[in-house]
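Architecture and fold: a report
One letter stands for each residue in the lines below.
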Amino acid sequence: MACRRRPVPHTPVWFMRQAGRSLPEYLRVRDGVPMLESCARPDMIVEITLQPVRRYAVDAAIFFSDIMVPLKAIGVDLDIKPGVGPVIADPIRDAAGVAALRPLAPDDVPYVTEAVEGLVGELGATPLIGFAGGPFTLASYLIEGGPSKNHERTKALMYGEPELWADLMARLADLTIAFLKVQVAAGASAVQLFDSWVGAVAAQDYRESVLPHTRRIFAEIEPLGVPRIHFGVGTGELLGPMGEAGADVVGVDWRVPLDEAVSRVPPGKALQGNLDPAILFAPWETVESRARDVLARGRTAEGHIFNLGHGVSPSTNPDVLARLADLVHEASTESTL
């Protein structure tokens, strides 16, 4: 309801990366199992997705997967190395590399369909949020060959070979659309597009080289009737054009206060966010004060979903997240925050 900017009994809350490294039960389940293998085992996907829902009073589950899963499914030679991140064996640097990216078919990811269907049955009234990686972020990993601080090769291709860049982005948009459609067809109640590194792009370049492809993703998902959330890190200067991409909800990282984000995002959008994940390591009095401030600022938006301004850090105390989820529900029903 909050995604649709409709009245809610309390501010809903979920946490990006709520399923994962901060939970001891997750570490036990994943012990000895490579990341991409865990993302291809329906039983493991279901268990890991449900773990935070059992612990926290969150209002949604987030599908356990990785943004690289659809790329792996179409044959890209990649691995997710602990402590490093995604590593591409043969980075894409030319037209031949781009042309080798084939479309994704539902049969490429049967484990996703099976896991989502299983989760919907287990979750009952709790909605499941599906997700995928945004085209710029996927392109950066493919071109750089792995994580990058400055995305030099990616930007060089975007600036210097605009036609090849457009072809790559179109193929990645198709991949993302197909991956999201599989999740929605299996029962996901909403979807979030994580374009994590798009904040590295200037606003004009975003409008010219990224926005058309992101807009097409959201346009293709719109007929499915599920709420669409759009999030990126360091995107304060992009909140305006990101709000034009077609999502129902714009995620805001911790750098921009929500009441300021209201003035940057076009009308007709709900906002999601945006407590700094690092605040969770401070004394509880600080956590509570900052969370209440986020809730108060969120009231200026047409709709607000409480979340962190990025993912849960691996060393976060799960008990603090549990307490925070309860606080959001309690504080958002008070007459004054």
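See the structure printed just above.
These numbers come from a predicted model, not from an experiment.

Rules used in this analysis
Residues numbered from 1 in each chain as written. Predicted model: local features only at pLDDT ≥ 70, side-chain atom pairs only at ≥ 80, totals over all residues. Heavy atoms only, no water. Helix = DSSP H or I, 4+ residues; strand = E, 2+ residues; numbered from the N terminus. Buried < 20%, exposed > 50% of the residue type's maximum accessible area, 1.4 Å probe, protein only. Contact = heavy atoms within 4.5 Å. Lys, Arg positive; Asp, Glu negative; His and termini not counted. Charge placed at Lys NZ, Arg CZ, Asp CG, Glu CD. Salt bridge = Lys/Arg side-chain N within 4 Å of Asp/Glu carboxyl O. Pairing = 2+ DSSP bridges. Core = buried A, V, L, I, M, F, W, Y, C linked by side-chain atoms within 4.5 Å. Axes fitted to C-alpha atoms, helices over the stretch in contact; angles between N-to-C directions. Parallel < 35°, antiparallel > 145°, perpendicular 65-115°, else oblique. Left-handed = near helix turned anticlockwise from the far one by under 90°. Arc of directions from axis to C-beta. Phe/Tyr/Trp six-rings, centres within 6.5 Å; stacked < 30°, edge-to-face > 60°. Lys NZ or Arg CZ within 6 Å of the ring centre and 35° of its normal.

The next subject is the overall build of the protein chain. Scanning the protein chain for helices and strands turns up 15 helices and nine strands. The principal-axis extents of the C-alpha atoms in the protein chain amount to approximately 60 × 45 × 40 Å. Counting every position in the protein chain, which comprises 337 residues, the buried fraction comes to 57%. When contacts within the protein chain are restricted to residue pairs at least 6 apart in sequence, those whose partners lie at least 24 apart make up 73%. In the protein chain, 31 side chains carry a positive charge and 42 a negative one; their mean positions are 2 Å apart.

A few words on the pattern of salt bridges. Per the counting criterion, the structure on display carries 16 salt bridges. As a salt-bridge pair, glutamate 37 and arginine 41 come within 3.5 Å of each other at their nearest N and O atoms. Of the residues examined, arginine 41 reaches a relative accessible area of 30% and is grouped as partly exposed. For aspartate 167, the salt bridge goes to arginine 171, with nearest N and O atoms at 2.9 Å. With aspartate 167 and arginine 171 both in helix H9 (residues 162-186) and four residues apart, this pair spans about one turn of that helix. Judged by its relative accessible area of 30%, aspartate 167 falls in the partly exposed class. A single salt-bridge network, built from bridges that share partners, covers Glu37, Arg41 and Asp43.

With parallel pairing, the seven strands of this open sheet are ordered in space as E1-E4-E5-E6-E7-E8-E9. Only two strands of the sheet have a single partner each, and these edge strands are strand E1 (61-62) and strand E9 (304-308). Where strand E6 (residues 228-231) lies against strand E7 (residues 249-251), two bridges are found, and the strand directions are parallel. By the bridge assignment for E7, histidine 230 is matched with valine 250.

Take the pairing of strand E2 (residues 78-81) next. Alternating positions in E2 separate cleanly, Leu78 and Ile80 being buried on one face and Asp79 and Lys81 remaining unburied on the opposite face. Looking at chain direction, E2 and strand E3 (residues 85-88) are connected through four bridges and run antiparallel. In the sheet register, lysine 81 faces E3, and the bridge partner there is glycine 85. In this antiparallel pair of consecutive strands, E2 and E3, the connection spans three residues, and glycine 83 shows a positive phi of 80°.

Next up on the list: the nonpolar core. Phe15, Phe306 and Leu324 are the most contacted members of the largest nonpolar core, which has 121 residues in total. A total of 14 residues in this core trace back to one element, the largest contributor, which is H9. Sequence-distant contacts of leucine 324, defined by excluding residues within four places in its chain, comprise Phe15, Leu275, Leu280, Trp284, Val287, Ala291, Phe306 and Leu308.

Moving on to the packing of H9 against helix H11 (residues 211-221). At a minimum axis separation of 9 Å, H9 and H11 run at an interaxial angle of 25°. For the element pair H9 / H11, the angle class is roughly parallel. In the crossing of H9 with H11, the sense of the turn from one axis to the other is right-handed. Contact residues: Ala166, Met169, Ala170, Ala173, Asp174, Thr176, Ile177, Leu180 and Lys181 in H9; His213, Arg216, Ile217, Glu220 and Ile221 in H11.

Attention shifts here to helix H8 (residues 152-160). Since the α-helix packs 3.6 residues into each turn, any two residues three or four apart lie on the same face. Three or more residues of H8 are buried, namely Thr154, Lys155, Leu157 and Met158. Down the axis of H8, the smallest arc covering the buried residues is 160°, so these residues share one side. Check the buried side of H8 and you find it contacts helix H7 (135-144), H9 and helix H10 (203-209).

What follows is about the packing of helix H14 (residues 284-298) against helix H15 (residues 318-332). Their axes nearest at 10 Å, the elements H14 and H15 cross at an angle of 40°. Compared by their axis directions, H14 and H15 come out oblique. The two elements H14 and H15 meet at a crossing, and its hand is right-handed. Contacts between H14 and H15 involve Trp284, Val287, Glu288, Ala291, Arg292 and Leu295 from the first element and Val320, Arg323, Leu324, Leu327, Val328, Ala331 and Ser332 from the second.

Applying the stated criterion across every chain, the model contains five aromatic pairs. For the ring pair phenylalanine 131 and phenylalanine 194, a centre distance of 5.3 Å and an interplane angle of 80° mean the geometry is edge-to-face. Taken as a pair, phenylalanine 131 in strand E4 (residues 128-133) and phenylalanine 194 in strand E5 (residues 190-194) lie far apart in primary sequence, 63 residues in all. Exposure remark for phenylalanine 131: the relative accessible area of 8% places this residue in the buried category. Judged by its relative accessible area of 14%, phenylalanine 194 is buried. Relative to phenylalanine 231, the ring of phenylalanine 194 lies with its centre 6.3 Å away and its plane at 80°, an arrangement referred to as edge-to-face. Within this pair, whereas phenylalanine 194 is found in strand E5, its partner phenylalanine 231 is found in strand E6, the two being separated by 37 residues in sequence. Here phenylalanine 231 falls in the buried class, since its relative accessible area comes to 1%. Across from the ring centre of tryptophan 254, 4.2 Å away, lies the NZ or CZ of arginine 255, which sits over that ring.

That's the geometry; what it means functionally is another story.
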